[in-house]
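# An overview of the molecular structure
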Amino acid sequence: MKKQYLVAFSIVLFCWVGSFAQDTRLKIIEQPRPELPLKHGTLDVQGSVVLRVQFLEFGEIGEIITVKELPAGLTQNAIAAARRIRFEPEKKEGKPVTVYREIQYSYSWNGGWLDAANKSSDLVGTANDPAKAAAIIAKAIQNLGGDRYLQVRTQVGKGKFSVLRESTVASFQAFFDVIVFPDKERTEFKGSGSRTVQVNTGSTGWIFDGDQELIKVQNAGQIDNFKQGIRTSLDNLLRGGWKAEAELAYIGKRPATLGKRNDVVRLTYKDGFAVEFEFATDDGIPQKAVYKRTNDEGEEIKEEDRYAQFIDVNGIKAPFIIDRFTNGKATSRINFETIEFNKTIPDSIFVKPATPKDAKKDIKL
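Residues numbered from 1 in each chain as written. Predicted model: local features only at pLDDT ≥ 70, side-chain atom pairs only at ≥ 80, totals over all residues. Heavy atoms only, no water.

## Some points on the confidence of the model for the protein chain
Predicted confidence across the protein chain gives a mean pLDDT of 86, with 88% of residues reaching 70 or more. Here residues 1–20 is modelled with pLDDT under 50, and outside its nearest four sequence neighbours on either side it reaches zero contacts, counting other chains as well. A low-confidence stretch, residues 119–126 stays under pLDDT 50, and its non-local contacts, those more than four residues away or across chains, total 16 contacts. (pLDDT = per-residue confidence, 0-100. Contact = heavy atoms within 4.5 Å.)

Right, here's the structure in full:
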């Protein structure tokens, strides 16, 4: 009788264990980055290589099928990297099985290969995910003041603008800057007895040259530069001024300071112009904006604005230092001394003065 009970118990135990044999998803343990192409730094390519990879039941990589390619050897480098993936096989009812999964490697002209977005057990890629990008922006807004930040309508700033050469200050001027969002700005520069005023309102603008005592209407190129400045501005991104003109995407993570990564989102405008914004992964604070422009000689230039020294002004955090890097070299610094938000701004300060004498007058706010 005892033997019969023991047999019955063994059968029940076997069935119980069998019913709890776990199904586990494929787990990526290590996913090396692809090698950089030979022409990295001059290669004007960005996008993703997508591969359909066979993960064999005994823990090795099998067949690799190219779903989406990139030129200049990037696809081949991605395939070679996929061969080096280490993983734990997927299991069905406790037994290892062979599965196929899509792996994505994203490459950016200014950052090289980005961190892979395939490390979760279910391999759901997040690159190019607008929802993730929106979440990163929402976190940044919250940390910069939340609704207070979003309700900013005007900004008045004073400080120093420095021109840098070989990482040293070549010259500097005091500046006074007034912004009425989204597209009105008046900036005055003073230094060494000289005064310059630049004013933009949407698609119009004028400049007062104090050295020549001339008032000039801005040309099409100057107007375009102002509009481009809006498109690359942090405020335009966070306050959603781009929504009718561009698409938002999450790109991945990019190396920042030692041991840290930045989340990268990209705005791509309808005309193809793209600007990438980086945010610290830990606190979500904006770190930089990166984009390309074409200079007067037709050369493509990489511009990078780096944000630093965020200071709380009545519940709103703003970067008091903005450094500009051109092709990797520091070229200028904006150093705010004071910033005021939501000050009442008269429209009259944006109106082109009738005479140079009028343009010399200090504005009163």
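## Examining helix 3 (residues 130–144)
With 15 residues, helix 3 extends 21 Å between its outermost C-alpha atoms, agreeing within 8% with the 21 Å of an ideal straight helix rising 1.5 Å per residue. All of the buried residues along helix 3 are A133, I136, I137, A140, I141 and L144. The buried residues of helix 3 all sit within an arc of 140° when viewed along its axis, so they share a single face. Set apart from the buried face of helix 3 by more than 90 degrees, the exposed residues are A131 and Q142. Of the residues flanking the end of helix 3, it is G145, one or two places downstream, whose phi is positive at about 135°. (Helix = DSSP H or I, 4+ residues; strand = E, 2+ residues; numbered from the N terminus. Expected span 1.5 Å × (residues − 1). Buried < 20%, exposed > 50% of the residue type's maximum accessible area, 1.4 Å probe, protein only. Arc of directions from axis to C-beta.)

## Looking at the packing of aromatic side chains
On inspection of all chains with the given rule, the structure shows eight aromatic pairs. Between Y105 and W113 the ring centres are 6.4 Å apart and the planes differ by 85°, which places this aromatic pair in the edge-to-face class. Looking at W113, the relative accessible area reads 2%, which means it is buried. Relative to F336, the ring of F175 lies with its centre 5.4 Å away and its plane at 85°, an arrangement referred to as edge-to-face. Taken as a pair, F175 in strand 10 (residues 168–180) and F336 in strand 21 (residues 329–341) lie far apart in primary sequence, 161 residues in all. Taken individually, F175 and F336 each receive the classification buried, so the pair is uniform in this respect. Cluster of aromatic residues (ring-pair linked, three or more members): Y105, Y107 and W113. (Phe/Tyr/Trp six-rings, centres within 6.5 Å; stacked < 30°, edge-to-face > 60°.)

## Some details on the side chain of K288
Structurally, K288 is set in strand 18 (residues 286–294). Looking at K288, its side chain comes within polar contact range of the side chain of E304, at 3.1 Å. Those residues in contact with K288 that lie beyond four places of it in its chain are E276, F277, E278, E304, D305, R306 and Y307. (Polar contact = N/O pair within 3.5 Å; in protein donor to acceptor, adjacent residues only side chain to side chain.)

## Regarding the pattern of salt bridges
Counted by the stated rule, this structure contains 28 salt bridges. As a salt-bridge pair, R239 and D235 come within 3.3 Å of each other at their nearest N and O atoms. Given the relative accessible area of 23%, R239 is considered partly exposed. Among the ionic contacts, a cluster of salt bridges with common partners joins R186, E188, K190, R195 and D362. (Salt bridge = Lys/Arg side-chain N within 4 Å of Asp/Glu carboxyl O.)

## Examining the sheet that holds strand 7 (residues 99–108)
Backbone hydrogen bonds are what pair the strands of a sheet, in a parallel or an antiparallel way. Judged by pairing direction, the sheet is antiparallel, and its four strands sit side by side in the order 3-2-7-8 without closing on themselves. Edge positions in the open sheet fall to strand 3 (61–68) and strand 8 (112–113), since each of these has one partner strand only. Where strand 2 (residues 47–55) lies against strand 7, nine bridges are found, and the strand directions are antiparallel. When the bridges of strand 7 are listed, F55 appears paired with V99. Against the sheet, helix 2 (residues 74–83) contacts strand 2, strand 3, strand 7 and strand 8, and its axis sits at roughly 150° relative to strand 3. (Pairing = 2+ DSSP bridges. Axes fitted to C-alpha atoms, helices over the stretch in contact; angles between N-to-C directions.)

## Quick notes on the pairing of strand 3
Note: strand 2 against strand 3, five bridges, orientation antiparallel. Bridge pairing in strand 3 places V50 opposite K68. As consecutive antiparallel partners, strand 2 and strand 3 are separated by five residues, and within that stretch G59 has a phi angle of approximately 90°, a positive value.

## Quick look at helix 5 (residues 220–231)
Between its first and last C-alpha atoms helix 5 spans 17 Å; for twelve residues at 1.5 Å apiece the expected length is 16 Å, and the two agree. Taken together, the buried positions of helix 5 are I223, F226 and R231. End-on, the buried residues of helix 5 take up no more than an arc of 145°, which puts them together on one face. On its buried face, helix 5 sits against strand 11 (184–191), strand 12 (194–201), strand 13 (204–209), helix 6 (234–238), strand 16 (261–269) and strand 17 (274–280).

## Observations regarding the nonpolar core
Of all hydrophobic cores here, the largest spans 34 residues; its most connected members are L237, L238, L267 and F277. Ignoring any residue separated from it by four or fewer positions in sequence, one finds L237 in contact with I137, W242, L248, L267, F277 and F279. Core analysis: the next-biggest nonpolar cluster, separate from the first, contains 21 residues, L51, I61, I64 and Y105 among them. (Core = buried A, V, L, I, M, F, W, Y, C linked by side-chain atoms within 4.5 Å.)

## A closer look at the environment of I285
Relative to the helices and strands, I285 is located in the loop between strand 17 and strand 18. Residue I285 is classed as buried on the basis of its relative accessible area of 12%. For the pair I285 and I137, spaced 148 residues apart in sequence, the C-alpha to C-alpha distance is 9.5 Å. Look past the residues within four positions of I285 in its chain and what remains in contact with it is N143, L144, E278, F279, A280 and F310.

## Details of the environment of I349
Among the structural elements, I349 can be located in the loop between strand 21 and helix 7 (356–359). In this structure I349 comes out as buried when scored by relative accessible area, which is 5%. For the pair I349 and V199, spaced 150 residues apart in sequence, the C-alpha to C-alpha distance is 8.7 Å. Residues in contact with I349, not counting those within four places in the same chain, are V178, R186, V199, W206, I363 and L365.

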